[in-house]
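# A look at the structure
Next come the chains, spelled out residue by residue.
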Amino acid sequence: MHLKEALKRVIEKEVFVTNILPQIGDFSDQEAWIFDFRSVLMEGEVSDLVSSIFYEQFKEQYPFQLGTLEVGGVPLVVAILNKLYALGHRDVTSFFVRKSRKKSDLLKMIEGNVQEGVPIILVDDIMNSGNSFWRQVEVLEDMGCVVHTVWSIVRYRDKEYYKRFLDRGIQVESLFTLDDFTTTLGPRVKNFQGGENQVQRLPLKVEWTFRPENPSLNHVCTKSQPIIDEDTIYFGTDNERFFALDQATGAVKWSFKVGPHTKGKSIFSSPVFYGDFVIFGSYDGNVYALNKENGKRVWVSFEADWIGSSPTAAPELGLVFIGLEFGLFRRHGGISALDAKTGKLVWINQTHNAFTHASPAYIPLHEQVVIGSNEGIVRLYAARTGEILWKFKTFGGADYDERVDSGFGLGEIKQSIAYDEERDYLVFGATDGFLYILNRSTGHLIHHYKCEFAIWATPYLFEGKVYFTSLDKRIRCIDLDTFECLFIKEVDGTRLFGSPTVIDGKLFVGTNAARLHTLDPLTGEKFGYFQTRERITNTVLKNQTTGKFF
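The present account deals with the structure reproduced in this document. (Residues numbered from 1 in each chain as written. Predicted model: local features only at pLDDT ≥ 70, side-chain atom pairs only at ≥ 80, totals over all residues. Heavy atoms only, no water.)

## Structural notes on empty space enclosed by the protein
In this structure the tally under the stated criterion is one cavity of 30 Å³ or more. Of the pockets and cavities examined, the largest cavity occupies roughly 30 Å³. The wall of the largest cavity is formed by Ile 413, Lys 414, Gln 415, Ser 416, Gly 429, Trp 456, Ala 457, Thr 458 and Pro 459. In terms of residue class, the lining of the largest cavity is made up of four nonpolar, four polar and one charged. (1 Å grid on protein atoms, 1.4 Å probe; cavity = no way out; pocket = protein on both sides within 12 Å on 5 of 7 lines; lining within 4 Å. Points joined across faces, edges and corners; volume = space filled by probe spheres on them. Nonpolar A, V, L, I, M, F, W, Y, C, P; charged D, E, K, R; others polar.)

Printed below as a string of structure tokens:
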């Protein structure tokens, strides 16, 4: 039997799977079946069959190197690599691209060695939208490499659909298309039409980049969110320095060094303006106020052992609030109110049983401040006095355990809480995967919504809707009047740590795939994206006067 025909029989009998359960997000009848190659590609006979066919197709084009995206294409690359080596091509190499940079050890984005000047063939079992291949193309092109061909066993669409590859001079090859299986597997298995082919790169051009020394790439979370004024951008870094850069050129205007950090953590706190001051916390345990024009220290507060929280200011009260972390027995977290002009302590609460990494939110209308903690408890305080008005515990929140000196829970609250003044709602997410909507005056639960995995970022409120990201790789939109979920979108298959935002009528969100995406805030339809080098775990900013994004 011909090799390709033999493989087609295997696909029809062992790879084609029906009665697939619906998944959260967009799905249609197309997803009532799949081609599941992963199990058969780890069987010797099928592995040898596929690699033999590949060799016959490309042997005249050798030398080349093989690449794929983790993790599904790895068995396929290994099979082809072994076949080429066995047939005498002893200099063949391969690699795989991670969906996002590894968080430990060598922190690599690419595993294996990419050879300079050697044509690259990217391989995978299936090719549908082409987004997985395109992610690899952009990473490799950013390194100065050229992809020659993308190759799959089964392609889901007509070749003309993949115009973005063809326009780049990249060949699109496959052994089969869905149309090859229509006769044997039924009329629903046929080449897809339409889809996301219209999603294009945003017309943005990098004008400058800034990278301090020794970044903590293993800490994947929301870090120091930059803030901007007319011409300067301010932010903290992992290397014990707070920077002010010129927005036009990226040149350092000034920097300020904080104390030593622990375990690669330094300034995760996002700064806030207060008059001519820029105020932030640091994992050296201090809160700093600097003159934003020259970076000179105005005051420093020494109340905590560590600070990962971000401050919030109450200008009419002359106060700034920030979460605190301690190494104290049975007292690990709290909140303080500082005089914004002098840094002197106005009031402090140190009764949180777990670290308080979350940031407070100030509610001017009621002169109240609300904050969550790692124990999964939300507390509402009177802003002037520090009196606790009520507490709310998340579903995954933990009661304090004296035996282990711990209050950590599955419902930790990591970021700030959004306030909807029109409805008097407090809206926040927790690591138990729930979005919570509370009545501000009573602390009573109004509504909750469950995601598959943790919610890390602060929800974003816009025109009666709440937009929120989750580590289940999706962005969601809920109507705050009806609590109807208006859309759920998987953006690019990687985790989302940062808060979304609406700029110029478009919804912006960054992902661990190092992509900044724009979507329709009403439908979640994707408009375009911009590819960067590293994960985007914060929120994009735009200077409306200059039109520059940061």
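That was the structure; now back to the text.
## Details of the pattern of salt bridges
Counted according to the given criterion, the structure contains 26 salt bridges. Asp 167 serves as the salt-bridge partner of Lys 163, at 2.6 Å between the closest nitrogen and oxygen. Of this pair, Lys 163 and Asp 167 both sit in helix 5 (residues 163–167), separated by four residues, roughly a single helical turn. In this structure Lys 163 comes out as partly exposed when scored by relative accessible area, which is 48%. With relative accessibility at 54%, the residue Asp 167 sits in the exposed group. (Salt bridge = Lys/Arg side-chain N within 4 Å of Asp/Glu carboxyl O. Helix = DSSP H or I, 4+ residues; strand = E, 2+ residues; numbered from the N terminus. Buried < 20%, exposed > 50% of the residue type's maximum accessible area, 1.4 Å probe, protein only.)

## Describing the pairing of strand 6 (residues 120–127)
A large share of strand 6 lies buried, amounting to seven of its eight residues. Sheet topology places strand 3 (residues 65–69) next to strand 6; three bridges connect them, and they run parallel. Looking at the pairing, Leu 66 lines up with Ile 121 of strand 6. Taking the sense of rotation as the criterion, the β-α-β connection linking strand 6, helix 4 (residues 131–142) and strand 7 (residues 147–155) turns out right-handed. (Pairing = 2+ DSSP bridges. Right-handed = clockwise from strand over helix to strand, strands pointing away.)

## Thoughts on the nonpolar core
Counting residues in hydrophobic clusters, the biggest one holds 40 residues, and the most contacted among them are Ile 11, Phe 35, Trp 151, Ile 153 and Val 154. Secondary structure elements with two or more residues in this core: helix 1 (3–15), strand 2 (33–35), helix 2 (44–58), helix 3 (74–86), strand 6, strand 7 and strand 8 (171–177). Sorting elements by how many residues they give to this core places helix 2 first, with seven residues. Setting aside its immediate chain neighbours within four residues, Val 154 contacts Ile 11, Phe 35, Phe 37, Asp 125, Ile 126, Met 127, Phe 176, Thr 177, Leu 178 and Phe 181. (Core = buried A, V, L, I, M, F, W, Y, C linked by side-chain atoms within 4.5 Å. Contact = heavy atoms within 4.5 Å.)

## A look at the sheet that holds strand 7
Across the sheet, six strands lie side by side as 5-4-3-6-7-8; this open sheet has mixed pairing. Among the strands making up the open sheet, the edge pair consists of strand 5 (110–112) and strand 8. Geometrically, the sheet is characterised by an average inter-axis angle of 25° between neighbouring strands, direction not taken into account. The sheet contact formed by strand 7 and strand 8 spans six bridges and is parallel. (Axes fitted to C-alpha atoms, helices over the stretch in contact; angles between N-to-C directions.)

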